[in-house]
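Residue-level structural notes
So you can see what is in the structure, the chains are spelled out below.
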Amino acid sequence: MNRTRTIIGLVVALGVAFAAAAVGGWASASAGSFYAELVRPDWAPPGWLFGPVWSLLYALMGVASWLVWKEGGWRQNRTALVLYGAQLVANALWSWLFFAWRMGAAAFVEILLLWALIALTIRAFGRVRPLAGWLLAPYLAWVTFATALCWAMWRLNPELLGG
């Protein structure tokens, strides 16, 4: 693969990851004020932490998908890349369910689906390029934490998130 194609591939991979972030971010436009309204468990992070963490995670996702794409492209790694796309969609959908539509139960069920899709993507990426799978490990760890946080906030805020 020539250098220009490799660089374009990386730009596209990062663009796809950050496009998903933008879709979720659009739903989260008022997330800061809404998050401040919520009763949160003592272990909940401050609202300002989410932006930097998610920016790093989306960058890692983009690089991981690029590494998989470099190892044979779409044809050879279709399953891994479809799983990756599915988890990106699920990731963006969660923000809509929780922040825009304030559907706590649906957001919780959906984040469980997201977690499973990430785990499957890690396995599929790891089979193609182990480093690509490892690059998604912090994402799975964060979503594991986010799952517990989603559950806690849904249960603590039935009037705001549907009980």
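Scroll up for the structure.
Residues numbered from 1 in each chain as written. Predicted model: local features only at pLDDT ≥ 70, side-chain atom pairs only at ≥ 80, totals over all residues. Heavy atoms only, no water.

A look at the nonpolar core
Ranked by size, the top nonpolar core spans 51 residues in total, and within it Trp54, Tyr58, Met61, Phe98, Phe125 and Tyr139 carry the most contacts. Of all the secondary-structure elements, those providing two or more residues to this core are helix H1 (3-27), helix H2 (31-37), helix H3 (50-70), helix H5 (78-100), helix H6 (104-128), helix H7 (130-135) and helix H8 (137-156). By residue number, the principal contributor to this core is H3, which donates 11 residues. The contacts of phenylalanine 98, once residues within four sequence positions are left out, are Phe34, Leu38, Met103, Ala107, Cys150, Met153 and Leu161. (Core = buried A, V, L, I, M, F, W, Y, C linked by side-chain atoms within 4.5 Å. Buried < 20%, exposed > 50% of the residue type's maximum accessible area, 1.4 Å probe, protein only. Helix = DSSP H or I, 4+ residues; strand = E, 2+ residues; numbered from the N terminus. Contact = heavy atoms within 4.5 Å.)

Some words on H1
A rise of 1.5 Å per residue sets the reference length of H1, with its 25 residues, at 36 Å; its end C-alpha atoms lie 37 Å apart and thus fit the reference within 8%. Along H1, the residues that are buried comprise Thr6, Gly9, Ala13, Ala17, Ala20, Ala21, Gly24 and Ala27. In this structure, the buried side of H1 is in contact with H3 and H5. (Expected span 1.5 Å × (residues − 1).)

Some points on the side chain of serine 28
Inspection of the secondary structure puts serine 28 in the loop between H1 and H2. With a relative accessible area of 18%, serine 28 lands in the buried category. A distance of 3.0 Å separates a polar atom in the side chain of serine 28 from the backbone oxygen of glycine 24. Sequence-distant contacts of serine 28, that is, excluding residues within four places in its chain, are made with Ser95 and Phe99. (Polar contact = N/O pair within 3.5 Å; in protein donor to acceptor, adjacent residues only side chain to side chain.)

Digging into the packing of H5 against H8
It is at 13 Å that the axes of H5 and H8 come closest, and there the two elements cross at 25 degrees. Our classification of the angle between H5 and H8 gives roughly parallel. Crossing hand, H5 versus H8: left-handed. Note on element contacts: H8 touches H5 through Tyr139, Cys150 and Met153, opposite Gln87, Asn91, Trp94 and Phe98. Of the residues that constitute the contact of H5 with H8, the class distribution is five nonpolar, two polar and no charged. (Axes fitted to C-alpha atoms, helices over the stretch in contact; angles between N-to-C directions. Parallel < 35°, antiparallel > 145°, perpendicular 65-115°, else oblique. Left-handed = near helix turned anticlockwise from the far one by under 90°. Nonpolar A, V, L, I, M, F, W, Y, C, P; charged D, E, K, R; others polar.)

Points about the pattern of salt bridges
Counting across every chain of the model gives one salt bridge. Of the charged contacts in the structure, one is a salt bridge between arginine 129 and glutamate 71, with a shortest N-O distance of 3.6 Å. Remark: glutamate 71 occurs in the loop between H3 and helix H4 (73-76) and arginine 129 occurs in the loop between H6 and H7; sequence separation between them is 58 residues. Taking relative accessible area as the criterion, glutamate 71 reaches 34% and is therefore assigned partly exposed. (Salt bridge = Lys/Arg side-chain N within 4 Å of Asp/Glu carboxyl O.)

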